[in-house]
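# Descriptive analysis of the structure
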Amino acid sequence: GENVEQHPSTLSVQEGDSAVIKCTYSDSASNYFPWYKQELGKGPQLIIDIRSNVGEKKDQRIAVTLNKTAKHFSLHITETQPEDSAVYFCAASSITSYDKVIFGPGTSLSVIP
Amino acid sequence: SAVISQKPSRDICQRGTSLTIQCQVDSQVTMMFWYRQQPGQSLTLIATANQGSEATYESGFVIDKFPISRPNLTFSTLTVSNMSPEDSSIYLCSVSRGNRNTEAFFGQGTRLTVV
């Protein structure tokens, strides 16, 4: 089955700097890659996603890139703000696996004011 | 998007007892899933709740321990049976509309403590 790895496990940045989180996946059939933000005591919230027919997607301060050949995808947050502090999960899903979403281990991001 | 309500939001249970968690969605969805999130950990898929048939369990999870029902396209339950302290976790319901629209949305979760 699918295995998703994520690095780093913790990340601390100064407010205004950029943060980058990298993930790899194992199943070449995976075709959908969402990113979730989880704040303390809450369920994961979808913040951005990318499909396998696209190499990059941007939404305001957040961007995702996908290298399907290398099975790598990354989350980039620019101009970080204290409210960006949370745990971020990358994930992978395949329509051949009935849309099951498999999560990476997570990255705890701290933005220091 | 989809609005997902989970009940209860939290509970403290005695070992050996069972707890049933409810998941209600505000609209019909194709796929419903149950996840477990142990303290400080990532989300692990327990099973896919299939409407009108038995749930599909992931490796390491069995029906006797985690029976699941899905009577219709907007509702599902997960029971944690014969609980032990190791079952203390957050249990989350997730939904997806399927049909290549694979965005998955999550409820707020049920925080379970077994004492």
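Before reading further, recall that the structure is shown in the block above.
So, here is what we can say about the structure in this document. Just so we're clear, the structure is a prediction, and the values are computed from it rather than from any experiment.

## Considerations on the sheet that holds strand 8 (residues 75–80) of chain B
All names here are of chain B. Strands sit in the order 1-3-8-7 across an open sheet of 4 strands; the sheet is antiparallel. With partners counted over all chains shown, the strands left at the sheet margins are strand 1 (4–7) and strand 7 (68–72), one partner each. Taking each pair of neighbouring strands and ignoring which way they run, the sheet shows an average axis angle of 15°. In the sheet, strand 7 pairs with strand 8 via 3 bridges, with the strands oriented antiparallel. What sits directly across from Asn-72, in strand 8, is Phe-75.

## Remarks on the interface of chain B and chain A
The partner chain A presents 19 residues to the 23 residues of chain B that form the contact. Contact between chain B and chain A buries roughly 1600 Å² in total, counting both sides, with carbon and sulfur atoms accounting for 54%. Put simply, chain B and chain A have 2 salt bridges between them. Linking Glu-103 of chain B and Arg-51 of chain A is a salt bridge whose minimum nitrogen-to-oxygen distance equals 3.2 Å.

## As for the sheet that holds strand 1 (residues 4–7) of chain A
All names here are of chain A. On the basis of which strands lie adjacent, the open sheet formed by 5 strands has the order 1-3-8-7-6 and antiparallel pairing. Where the open sheet ends on each side, the last strands, each with one partner, are strand 1 and strand 6 (56–59). Averaged over all pairs of adjacent strands, the angle between their axes in this sheet comes to 15°, without regard to strand direction. Alignment of strand 3 (residues 19–25) against strand 8 (residues 72–77), held across 6 bridges, turns out to be antiparallel. If you follow Thr-24 over to strand 8, its bridge partner there is His-72.

Thresholds, definitions, all that
- Residues numbered from 1 in each chain as written.
- Chains lettered and ligands numbered in written order.
- Predicted model: local features only at pLDDT ≥ 70, side-chain atom pairs only at ≥ 80, totals over all residues.
- Heavy atoms only, no water.
- Pairing = 2+ DSSP bridges.
- Helix = DSSP H or I, 4+ residues; strand = E, 2+ residues; numbered from the N terminus.
- Axes fitted to C-alpha atoms, helices over the stretch in contact; angles between N-to-C directions.
- Contact = heavy atoms within 4.5 Å.
- Buried area = accessible area lost by both parts, 1.4 Å probe.
- Salt bridge = Lys/Arg side-chain N within 4 Å of Asp/Glu carboxyl O.

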